[in-house]
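Coordinates in review
These are the residues of each chain, in order.
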Amino acid sequence: MADTGADELDNTIVSEPLDLVRLSLNERVFVKLKGDREIRGRLHAYDSHCNLVLSDVEETVYVMDDELEDLKAIKKQSEMLFVRGDAVVLISPPSQS
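Everything in this summary refers to the structure shown in the same document. Note that the coordinates shown come from a computational prediction; the quantities given were computed from them, not determined experimentally.

**Regarding the pattern of salt bridges**
Within this structure, the stated rule accounts for 5 salt bridges. Note that E59 and R37 form a salt bridge whose closest N and O atoms lie 2.3 Å from each other. Highlighted residues: E59 in strand 3 (residues 52-65) and R37 in strand 2 (residues 37-46), separated in sequence by 22 residues. Look at R37 and you get partly exposed, because its relative accessible area is 33%. Note that R84 and D86 form a salt bridge whose closest N and O atoms lie 3.1 Å from each other.

**Here we look at the environment of N26**
Within the secondary structure, N26 is located in the loop between helix 2 (17-22) and strand 1 (28-33). What makes N26 partly exposed here is its relative accessible area of 48%. Residues N26 and H44 lie 18 residues apart in sequence; the distance between their C-alpha atoms is 5.6 Å. Residues in contact with N26, not counting those within four places in the same chain, are R42, L43 and H44.

**Quick notes on the sheet that holds strand 2**
Sheet strands line up and pair through hydrogen bonds in the backbone, either parallel or antiparallel. Spatial strand order, 4-3-2-1-5: 5 strands in an open sheet with antiparallel pairing. Both outer strands of the open sheet, strand 4 (70-83) and strand 5 (88-92), are each paired with one neighbouring strand and no more. Averaged over all adjacent pairs, the angle separating strand axes in this sheet is 25°, with direction ignored. Relative to strand 3, strand 2 is paired through 8 bridges, and the arrangement is antiparallel. Bridging from a neighbouring strand, I39 pairs with E59 of strand 3.

**Considerations on the side chain of E59**
Given a relative accessible area of 9%, E59 falls into the buried group. Within the local environment of E59, its side chain forms a polar contact with the side chain of R37, the two groups lying 2.3 Å apart. Apart from the residues within four sequence positions on either side, E59 is in contact with R37, E38, I39, I74, K75 and K76.

Basis of the calculations
Residues numbered from 1 in each chain as written. Predicted model: local features only at pLDDT ≥ 70, side-chain atom pairs only at ≥ 80, totals over all residues. Heavy atoms only, no water. Salt bridge = Lys/Arg side-chain N within 4 Å of Asp/Glu carboxyl O. Helix = DSSP H or I, 4+ residues; strand = E, 2+ residues; numbered from the N terminus. Buried < 20%, exposed > 50% of the residue type's maximum accessible area, 1.4 Å probe, protein only. Contact = heavy atoms within 4.5 Å. Pairing = 2+ DSSP bridges. Axes fitted to C-alpha atoms, helices over the stretch in contact; angles between N-to-C directions. Polar contact = N/O pair within 3.5 Å; in protein donor to acceptor, adjacent residues only side chain to side chain.

Laid out in structure tokens, this is it:
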């Protein structure tokens, strides 16, 4: 009979960058995108190009208000979202608190 402790350890080892993304599957992640956009949502799928599928997404777009010369945050909610990998700047795994 195999030692199940070793099997569990293999599932949490990060040896390549995308391993960290794999460990974040079905968890809420923070994704920074090109064009002053940020999204937070539950990660359902990804691929080697960093294409992402997220659910329960909150998207924040930052725009400059010329009249007030102030940065304005516009928030949108989406049930499901596909993010093209070439727009991804950063993927942050859930905080371990």
